[in-house]
Amino acid sequence: MLTVLSLGLPCFSCRQEMLVPVRSPFLVLATATALVLAGCSSAGDGAAEAGPPQSGGTLKFALAVDPTCLDPQQFGLNASLNVGRQIVDSLTDQDPKTGEIKPWLAESWTVDDAATSFTFTLRDGATFSDGTPVDAAAVKTNFDAIVKLGAKAQLAGTYLAGYRSATVVDPKTVRVDFAAPSAQFLQATSTMSLGLLSASTAAKTAEQRCQGDLVGSGPFVLKKYTPNQGVTLARRTGYAWPSSLAEHKGEAYLDGIEYKIVPESGVRTGTLQSGQIDGATDIPPQDEARFDGNGFQLLVRGNPGIPFNLAANTSKPILADEQVRLAVQKALNRTEIVQTALSDKYRSATSALAKSTPGWNDQSAALKFDQDGAKKLLDADGWAPGPGGIRQKAGRKLSVDVIYNLAFPPSQTILELAQQQLKAVGIELRLRQLTTGELTAAQATGDFDFLWFNVTRADPDILRTIFSTKYANRSQLKPGPLDTALDQQVATLDDAKRTQSVAEAQKLIVTDHAYQIPIVELSQVIGLSEKVRGLRFEASSRLSFYDTWLGK
Amino acid sequence: MTLLYLGRRLAQAVFVLWAAFTLGYGVLYLLPSDPVEIMLAGGTSGESSATPEQVAALKAEFGLDQPLPVQYAKALWSAAHGDFGHSVQTGASVSDSILEALPETLKLTGLAFVFSLAFGLLVAFGGTYPRWPAVRQAVLAIPPLAVSLPTFWVGLMLVQVVSFQWRLLPAIGNEGFESLVLPSLTLAIPIGALIGQVLARSILTALEEPYVETARAKGAGRARIHLRHVLRNASIPAMTVAAAWAGQLLAGSVVVETVYSRSGIGRLVVDAVGTQDIPLVQGLVVLSAVAFVSVNLLVDLLYPLVDPRVTTSRAGVAA
């Protein structure tokens, strides 16, 4: 029974279309952006034939999991953020194509050379839906409240790590100071996790906010949240302060959005196909073809951040051996994995970062399928062929485990394929599927060889969160050049310098030491009725419904 | 029925509730993982960036930093007063979460119970009344078949055909009576089949009893014998089965509510167990125990009404 239930669980993610290297024109303003990212199309690109956008109608949209907590400042679940984006605005917005940071509630900003002090100038006229103004004091109240939420505000708390204070310079100007360089903060201000809520919301308890006691300044307001059933949003009347990246001005086109929680993937696709809903997240690879045409459309984008990977626990005797890790890196046939377990909507990993992440640097030479190379490395390292085709050395079998859950259902097939591919070079991979609870426990105690995971973030600083020896350091790395590279990239908003440090970090992680075995990038695969127009992904591959309208 | 009997039954019920609470507590405590860590992971496999101090503060907030006996005693004391605390995952009050979800599940199980009784009676009657043995055999073959169909499969098939192909009824949601029909049917099939099978068997047994001969000798028609004399005598075992399966309705709601995307107790159970949300699981364990105890008590009290030979106590006879 439990296997059946887990079929429809969370969040797919990542992939994009074209990648063309260009120079970002805003060296100081943009985060490390040496790429044009993700030429991801928005829904209904052939809008010409559909005529001009029309106002009106309620969009019914299925989510695969319950948001659990609606407060975007507290919860990092995709389902929460896909709702949260519509009810809060952010200081800035990030261009999904270039990774550049663009104005939203903040018209302009300056950053000091040390990347420790950020001054934002706010636009005029924006208000929260309770009528209070979005001013410098509101920004300060929000950031102070997030810090006070502590561990309950997971993502937002990370983004504000090292936060010293926010100072109201004048009603339109706010300065945010950090105790240490925090280049990632600029990109973080574009996320819904640092989206702004009214002072009355900041005064509420974390629980009240989770249950939907939220007042934002976004294009939609929250009407109703019934756990495990759905969320209802209504258009905010008088809304006139969209992101500079939005395609129209003024109020949202849709009267409202009805999110329905539909955990079972077969039911989600069936309700979409039978017209009971207009769109659904997490279309499984095997169902994609049903929605490619025939009155439907697929909206696809790769998630930025860390691709799905086998993260090595280097404190374990076998994986402490760098040659073994490098052999695993070569022994995997990523193309076969994507073709067999997923679809052409997904992409093999090419580095420690996914392609749509600003600062991505191609390490695919080290990730080429090279069975002979892997065998040679193991031979030279003294791992001799043993019984059952599994190599051994000094009486120890070349056998490692991987812990994972089925948050992304195709993980099972992917890991089974990886298991076969590793077996072919004499490495045994033991699959340990765990519940979420067991998984967190195993991570905390270090009871694993490989950990299977991914993280979504449209800033290369995510590498520091995962690989710096100063944080959780699940890979049990020792301080060294990687720390230096990671610390350098967070200390500058100079595009060229940051890109260089981030590239160095990716080379160290993947090519030189194989601390991480990247396998496949997550993709968000959204199925939509063809009448849905103008739905777009923001830079972190979450959905923005502001420009969305319903055609005939 | 005597007050003494009721008093004894109530004492038993309290014991069962306590045992369920304690057992649930023990099992959850023995699990290796930590509810606060799970909450911080936000349901993903992503990195928790919380500092150890922040985690400790959260544990203190939920009282998870205290020794087990203290935690248990506190939880039991509050539970006895109807307070199960707050969900670790959402922060909402456990009683509120349950009270919000309960009406939805009661509607579902209520209609499912009606459907299963109807299905059971139809099967029992169709399997014993017709004069043609072939028909009776065919009808009696339905229960084993229906019981062996997995609930999630039946649910998905009904959704596919009735909702996706014929587009007659909605596949998802809690709105209106239409959304209740398919899930209730799905839930009713295995339970109705069991009731039908037990009822049919006891009808067949009862038909051999001498009083049937007597009734027939007195000139009662087939239908009258079947419905008036035999059905009443044969319904006691079926009632016992129905009571035991009332619990199954609750368990079945876990699958059915997931397949039909309904909110309710079943979905709450899935979430609570998956995230090891101890306060919420405890609230749900006690709720299920209450349901079992009260349904069984109700059925025990109904027996004498159906069959005067059954008494509720050794001392007293139901008047």
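Rules of the game
- Residues numbered from 1 in each chain as written.
- Chains lettered and ligands numbered in written order.
- Predicted model: local features only at pLDDT ≥ 70, side-chain atom pairs only at ≥ 80, totals over all residues.
- Helix = DSSP H or I, 4+ residues; strand = E, 2+ residues; numbered from the N terminus.
- Rg over C-alpha atoms; globule rule 2.2 N^0.38 Å.
- Buried ≥ 20, exposed ≤ 12 C-beta atoms within 10 Å, placed from the backbone.
- Contact = placed C-beta atoms within 7 Å.
- UniProt positions renumbered as here; feature names shortened; annotations may be inferred.
- Pairing = 2+ DSSP bridges.
- Axes fitted to C-alpha atoms, helices over the stretch in contact; angles between N-to-C directions.
- Parallel < 35°, antiparallel > 145°, perpendicular 65-115°, else oblique.
- Left-handed = near helix turned anticlockwise from the far one by under 90°.
- Nonpolar A, V, L, I, M, F, W, Y, C, P; charged D, E, K, R; others polar.
- Expected span 1.5 Å × (residues − 1).
- Bend = angle between axes of the 7 residues up to and from the residue.
- pLDDT = per-residue confidence, 0-100.
- Right-handed = clockwise from strand over helix to strand, strands pointing away.
- Core = buried A, V, L, I, M, F, W, Y, C linked by C-beta atoms within 7 Å.

## Section: the overall build of chain A
Next up, step 1: When helices and strands are tallied, chain A shows 17 helices and 27 strands.
Next up, step 2: For a compact globule of 552 residues, the expected C-alpha radius of gyration is about 24 Å, and chain A comes in at 23 Å, within 12% of that figure.
Next up, step 3: The principal-axis extent of the C-alpha atoms belonging to chain A is close to 70 × 55 × 45 Å.
Next up, step 4: Across the 552 residues that make up chain A, the buried fraction comes to 60%.
Next up, step 5: Counted over contacts in chain A with a minimum sequence separation of 6, partners at least 24 positions apart contribute 72%.

## Section: the overall build of chain B
Next up, step 1: A tally of regular secondary structure across chain B gives 13 helices and 0 strands.
Next up, step 2: Along the first, second and third principal axes, the C-alpha set of chain B runs to 85 × 60 × 30 Å.
Next up, step 3: Among the 319 residues that make up chain B, the fraction classed as buried is 42%.
Next up, step 4: Put simply, 72% of the contacts in chain B that link residues at least 6 apart link residues at least 24 apart.

## Quick notes on the UniProt feature "transmembrane region" (unreviewed entry) in chain B
Residue and element names in this part refer to chain B.
Next up, step 1: When the UniProt feature table is mapped onto this chain numbering, "transmembrane region" (unreviewed entry) sits at residues 12-31, 108-126, 138-160, 180-200, 234-260 and 280-299.
Next up, step 2: Annotated as 95% helix and 0% strand, the span residues 12-31 places its first and last C-alpha atoms 29 Å apart.
Next up, step 3: The straight-line gap between the two end C-alpha atoms of residues 108-126 is 26 Å; of that span, 100% is helix and 0% is strand.

## Remarks on the sheet that holds strand β12 (residues 256-261) of chain A
Residues and elements named next belong to chain A.
Next up, step 1: In spatial order, the strands read β10-β11-β12-β3-β13-β23-β14; together these 7 strands make up an open sheet with mixed pairing. Strand pairing shows two members of the sheet lacking a second neighbour, β10 (220-226) and β14 (296-302), which therefore form its edges.
Next up, step 2: Here strand β3 (residues 58-63) pairs with strand β13 (residues 279-280) via 2 bridges, running parallel. Paired with Phe-61 across the two strands is Gly-279, which belongs to β13.
Next up, step 3: Contacts between helix α3 (residues 78-87) and the sheet are confined to β3, β10, β11 (230-235) and β12, with β10 contributing the most and set at about 145° to the helix.

## So, the packing of helix α10 (residues 322-331) of chain A against helix α12 (residues 371-380) of chain A
All names here are of chain A.
Next up, step 1: At a minimum axis separation of 8 Å, α10 and α12 run at an interaxial angle of 165°. As the angle between them shows, α10 and α12 are arranged roughly antiparallel. Considering the relative orientation of α10 and α12, their crossing is left-handed. Within the contact between the two elements, α10 uses Gln-323, Leu-326, Ala-327, Lys-330 and Ala-331 and α12 uses Gln-371, Gly-373, Ala-374, Leu-377 and Leu-378.
Next up, step 2: Classifying every residue of the contact of α10 with α12 gives 6 nonpolar, 3 polar and 1 charged.

## Here we look at the interface of chain B and chain A
Next up, step 1: Taken together, the contacts link 48 residues of chain B with 50 residues of chain A.
Next up, step 2: Counting residues per element, the ones that place at least two in the side of chain B that touches chain A are α2 (35-41), α3 (52-61), α8 (151-165), α11 (222-259) and α12 (265-274) of chain B.
Next up, step 3: Tallied by class, the residues present in the side of chain B that touches chain A amount to 20 nonpolar, 23 polar and 5 charged.

## Remarks on the UniProt feature "domain: ABC transmembrane type-1" (unreviewed entry) in chain B
Next up, step 1: Here the UniProt-annotated "domain: ABC transmembrane type-1" (unreviewed entry) positions come out as residues 102-303 of chain B.
Next up, step 2: Overall, residues 102-303 of chain B shows 84% helix and 0% strand. The separation of its end C-alpha atoms is 28 Å.

## Focus on α8(B)
All names here are of chain B.
Next up, step 1: Its 15 residues place the ends of α8 20 Å apart at the C-alpha level, agreeing with the 21 Å of an ideal helix rising 1.5 Å per residue.
Next up, step 2: The principal kink in α8, of about 25°, is found at Val-159.
Next up, step 3: Considered for burial, the residues of α8 that qualify are Thr-151, Phe-152, Val-154, Gly-155, Leu-156, Leu-158, Val-159, Ser-163 and Phe-164.
Next up, step 4: Positive backbone phi, approximately 55°, marks Arg-167, located one or two places after α8.

## Quick look at the confidence of the model for chain A
Next up, step 1: Averaged over all residues, the pLDDT of chain A is 90; the fraction at 70 or higher stands at 91%.
Next up, step 2: Considering only residues more than four positions removed or in separate chains, one finds that residues 1-41 of chain A, a stretch of pLDDT under 50, has 136 contacts.

## Section: the pairing of strand β20 (residues 428-433) of chain A
Residue and element names in this part refer to chain A.
Next up, step 1: Relative to β20, strand β19 (residues 399-404) is paired through 6 bridges, and the arrangement is parallel. Across the sheet, the residue bridging to Tyr-404 is Gln-433, located in β20.
Next up, step 2: Of the crossover connections in this fold, the one passing from β19 over helix α13 (residues 411-423) to the parallel β20 is right-handed.

## With respect to the environment of Gln71(B)
All names here are of chain B.
Next up, step 1: Summarising the element assignment, Gln-71 is placed in helix α4 (residues 68-80).
Next up, step 2: Between the alpha carbons of Gln-71 and Tyr-25 there is a distance of 9.9 Å; along the sequence they are 46 residues apart.
Next up, step 3: Contacts of Gln-71, omitting those with residues within four sequence positions, involve Gly-63 and Gln-66.

## Side note on the pairing of strand β15 (residues 305-312) of chain A
Residues and elements named next belong to chain A.
Next up, step 1: Of all 8 residues making up β15, 8 are buried, and the element is well covered by its neighbours.
Next up, step 2: Strand direction decides the pairing type here: β15 and strand β21 (residues 450-456), joined by 6 bridges, are antiparallel. Within the sheet, the bridge partner assigned to Ile-306 lies in β21 and is Val-455.
Next up, step 3: Of the pairings in the sheet, the one linking β15 to strand β22 (residues 516-521) comprises 4 bridges and is antiparallel in character. Residue pairing for β22: Asn-309 is matched across the bridge by Pro-518.

## What to know about the sheet that holds β21(A)
Residues and elements named next belong to chain A.
Next up, step 1: Overall, mixed pairing links the 6 strands, which are arranged β16-β22-β15-β21-β19-β20 in an open sheet. Across the chains shown, the open sheet's two edge strands, defined by having one partner strand only, are β16 (347-348) and β20.
Next up, step 2: Each of β19, β20, β21 and β22 touches α13; the most contacted strand, β20, lies at about 160° to it.

## Digging into the confidence of the model for chain B
Residue and element names in this part refer to chain B.
Next up, step 1: Looking at chain B, the pLDDT average stands at 86 and 94% of residues meet or exceed 70.
Next up, step 2: Residue range residues 314-319 is modelled with pLDDT below 50. Its contacts to residues more than four positions away, or to other chains, number 10 contacts.
Next up, step 3: Taken together, the chains of this predicted complex give a pTM of 0.87 and an interface ipTM of 0.84.

## Some words on the nonpolar core
Next up, step 1: Within the largest apolar cluster, 234 residues are counted, with the highest numbers of intra-cluster contacts made by Trp452(A), Ile519(A) and Leu284(B).
Next up, step 2: For this core, the element with the highest residue contribution is helix α9 (residues 178-207) of chain B, accounting for 15 residues.
Next up, step 3: Excluding residues within four positions of it along the chain, Trp452(A) makes contact with Phe308(A), Leu310(A), Val402(A), Ile403(A), Tyr404(A), Ser411(A) and Leu415(A).

## Some remarks on unusual backbone geometry
Next up, step 1: One non-glycine residue with positive phi stands out, namely Ala394(A), at about 50°.
Next up, step 2: Take Ala394(A): it is sitting in the loop between β17 (392-393) and β18 (396-397).
Next up, step 3: Of note, the phi angle at Ser261(B) is positive, near 50°, even though the residue is not glycine.
Next up, step 4: With respect to the element layout, Ser261(B) can be found in the loop between α11 and α12.

## Overview of the environment of Leu422(A)
Residues and elements named next belong to chain A.
Next up, step 1: By the element assignment, Leu-422 lies in helix α13.
Next up, step 2: It is 50 Å that separates the C-alpha atoms of Leu-422 and Gly-551, two residues lying 129 residues apart in sequence.
Next up, step 3: Leu-422 has contacts with Val-328, Ala-331, Ile-427 and Leu-429, leaving out every residue within four places of it along the chain.

## Some remarks on the environment of Ile306(A)
Residues and elements named next belong to chain A.
Next up, step 1: Among the secondary structure elements, Ile-306 is positioned in strand β15.
Next up, step 2: Exposure remark for Ile-306: the 30 C-beta atoms within 10 Å place this residue in the buried category.
Next up, step 3: Remark: the alpha-carbon pair of Ile-306 and Ala-349, spanning 43 residues in sequence, is separated by 9.3 Å.
Next up, step 4: Residues within four places of Ile-306 in sequence aside, it is in contact with Ala-352, Leu-353, Asn-454, Val-455, Ile-462 and Ile-466.

## Here we look at the packing of helix α10 (residues 210-217) of chain B against α11(B)
Residue and element names in this part refer to chain B.
Next up, step 1: The N-to-C vectors of α10 and α11 enclose an angle of 140°; their axes lie 11 Å apart at closest approach. Taken as axis vectors, α10 and α11 run oblique relative to one another. Helix-helix and strand crossings are classified by hand; for α10 and α11 the assignment is right-handed. Taken together, the residues of α11 that come into contact with α10 (itself represented by Tyr-211, Val-212, Ala-215 and Arg-216) are Ile-225, His-229 and Val-230.

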